Amino acid sequence: MKEEHIQNQKKGFIAGLTAYVMWGVLPFYWKSLGEVSALSILCYRIFWSFIFMIAILVISGKFNQFLVETKALVRDRKRGIAIILAAILISVNWFIFIFSVGSGQVIEASLGYYINPLVNVVLATVFLKERLGRAEFVACLLAALGVFALALQNGVIPWSSLAMAVTFSLYGLIKKVAKVSSFTGLTLETLVMMPFAILFLLFFSPEGFMTFSAPINLLVMGAGIVTAIPLFLFAEAAKNISYILLGFLQYIAPTLMLLSAVFLFKETFELPQLVAFSSIWVGILIFATSNIMTLKRNRLKK
């Protein structure tokens, strides 16, 4: 039983790591869709993600399992509401992120995802009763100081960053406690938002439905793939590793975004910001070192 638990933790860690790396490079994808409005991109993400998930369910032979789980969710009001809430939260998160990237605010988007793990820690301790060790507490404190300094430098409350952090943290918490498979969860989340996406694309989108050049149309269709795969991996990670560890893996994505923003998108990044981000990075290092040492001690006890 212990061996199976360790294997599940390893699988969850790898899934989470891969998901956050993919999310970290996603700004490049949305930048390439510059001629498409942010709300239209969101609706295409929802539409093509659903199509992609249905195709995966059919190809993998899990469509019947999807139907069985969906019927069970319809009969279970609380779980059904949880899926609806998850769909709304992830859609809001997607839109804010797409809009931030499209308006040249990738650093602000990365700040949102730096704040996210701190919100994860709060939710984990309050709702899941997970405990922080001394090293983890120090790591959280350093990260919090770094995030606070970043917000202070801007002179205003970073509402978009906070909204991204809160919506994704709540989404992750729902994925952690809702008893539904990753395939079914992702398919139902996109299904919930599908009517709104189709209505907007057909009747309200300024560009019309799929009226772009062939390369842009292909990229729009590919939005379903680049959306569904990391979300599926995230769902697998959320089931198999602690929510606090999942939160700190999150730092991979905003770090990649930050590097892209500074070195490739040429956004402003000055010394005070470097100091603040350094505080966050030291916190990550302490947390990671603590977890590695704990893992080694557990292996020696076997």
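What counts and how
Residues numbered from 1 in each chain as written. Predicted model: local features only at pLDDT ≥ 70, side-chain atom pairs only at ≥ 80, totals over all residues. Heavy atoms only, no water. Axes fitted to C-alpha atoms, helices over the stretch in contact; angles between N-to-C directions. Helix = DSSP H or I, 4+ residues; strand = E, 2+ residues; numbered from the N terminus. Parallel < 35°, antiparallel > 145°, perpendicular 65-115°, else oblique. Left-handed = near helix turned anticlockwise from the far one by under 90°. Contact = heavy atoms within 4.5 Å. Nonpolar A, V, L, I, M, F, W, Y, C, P; charged D, E, K, R; others polar. 1 Å grid on protein atoms, 1.4 Å probe; cavity = no way out; pocket = protein on both sides within 12 Å on 5 of 7 lines; lining within 4 Å. Points joined across faces, edges and corners; volume = space filled by probe spheres on them. Phe/Tyr/Trp six-rings, centres within 6.5 Å; stacked < 30°, edge-to-face > 60°. Buried < 20%, exposed > 50% of the residue type's maximum accessible area, 1.4 Å probe, protein only. Lys NZ or Arg CZ within 6 Å of the ring centre and 35° of its normal.

1. What about the packing of helix α3 (residues 38–60) against helix α10 (residues 214–240)?
Here is step 1 of the chain: Where α3 contacts α10, the axes come no closer than 7 Å and their chain directions differ by 70°. The orientation of α3 relative to α10 falls into the category roughly perpendicular. When the axes of α3 and α10 are compared, the crossing they make is right-handed. Here Y44, R45, W48, S49, F52 and M53 of α3 lie close against α10, whose contacting residues are V220, M221, A223, G224, I225, T227, A228 and I229.
Here is step 2 of the chain: Of the residues contributing to the contact of α3 with α10, the split by class is 10 nonpolar, 3 polar and 1 charged.

2. Remarks on the environment of A38
Here is step 1 of the chain: The topology assignment puts A38 in helix α3.
Here is step 2 of the chain: The spacing of A38 and I229 is 191 residues in sequence and 21 Å in space, taken between C-alpha atoms.
Here is step 3 of the chain: Setting aside residues no more than four positions away along its own chain, A38 makes contact with F95, I98 and F99.

3. Quick notes on empty space enclosed by the protein
Here is step 1 of the chain: Tallied over the entire structure, the rule returns 3 cavities of 30 Å³ or more.
Here is step 2 of the chain: Considered as a void within the structure, the largest cavity measures approximately 120 Å³ in volume.
Here is step 3 of the chain: Counting only elements with at least two residues in the lining of the largest cavity, the list comes to α1 (2–24), α5 (77–102) and α12 (252–263).
Here is step 4 of the chain: With 4 residues, the top contributor of residues to the lining of the largest cavity is α5.
Here is step 5 of the chain: Along the lines of polarity and charge, the residues of the lining of the largest cavity split into 10 nonpolar, 2 polar and 1 charged.
Here is step 6 of the chain: Space inside the second largest cavity adds up to approximately 70 Å³.
Here is step 7 of the chain: Looking at the second largest cavity, the residues that line it are I83, I174, K175, A178, V180, S181, S182, A235 and K239.
Here is step 8 of the chain: Each residue belonging to the lining of the second largest cavity can be placed in one class, and the counts come to 5 nonpolar, 2 polar and 2 charged.

4. Notes on the packing of aromatic side chains
Here is step 1 of the chain: The full count for this structure, using the stated rule, is 20 aromatic pairs.
Here is step 2 of the chain: When the centroid spacing of 6.1 Å and the interplanar angle of 20° are considered together, the rings of Y171 and F234 count as stacked. Note that Y171 is positioned in helix α8 (residues 159–177) and F234 in helix α10, a separation of 63 residues in sequence. Per residue, the accessibility class of Y171 equals that of F234, and both read buried.
Here is step 3 of the chain: Over the ring of W94 we find R45, and its NZ or CZ is 4.4 Å from the ring centre.

5. Some points on the packing of α3 against α5
Here is step 1 of the chain: The contact between α3 and α5 brings their axes to 9 Å, and the two run at 135°. Compared by their axis directions, α3 and α5 come out oblique. Here α3 and α5 pass one another in a crossing that is right-handed. Across from A38, L39, I41, L42, R45 and I46 in α3, the residues of α5 making contact are S91, W94, F95, I98 and F99.
Here is step 2 of the chain: For the contact of α3 with α5, the per-class residue count stands at 9 nonpolar, 1 polar and 1 charged.

None of the figures reported here should be taken as evidence of function without further support.
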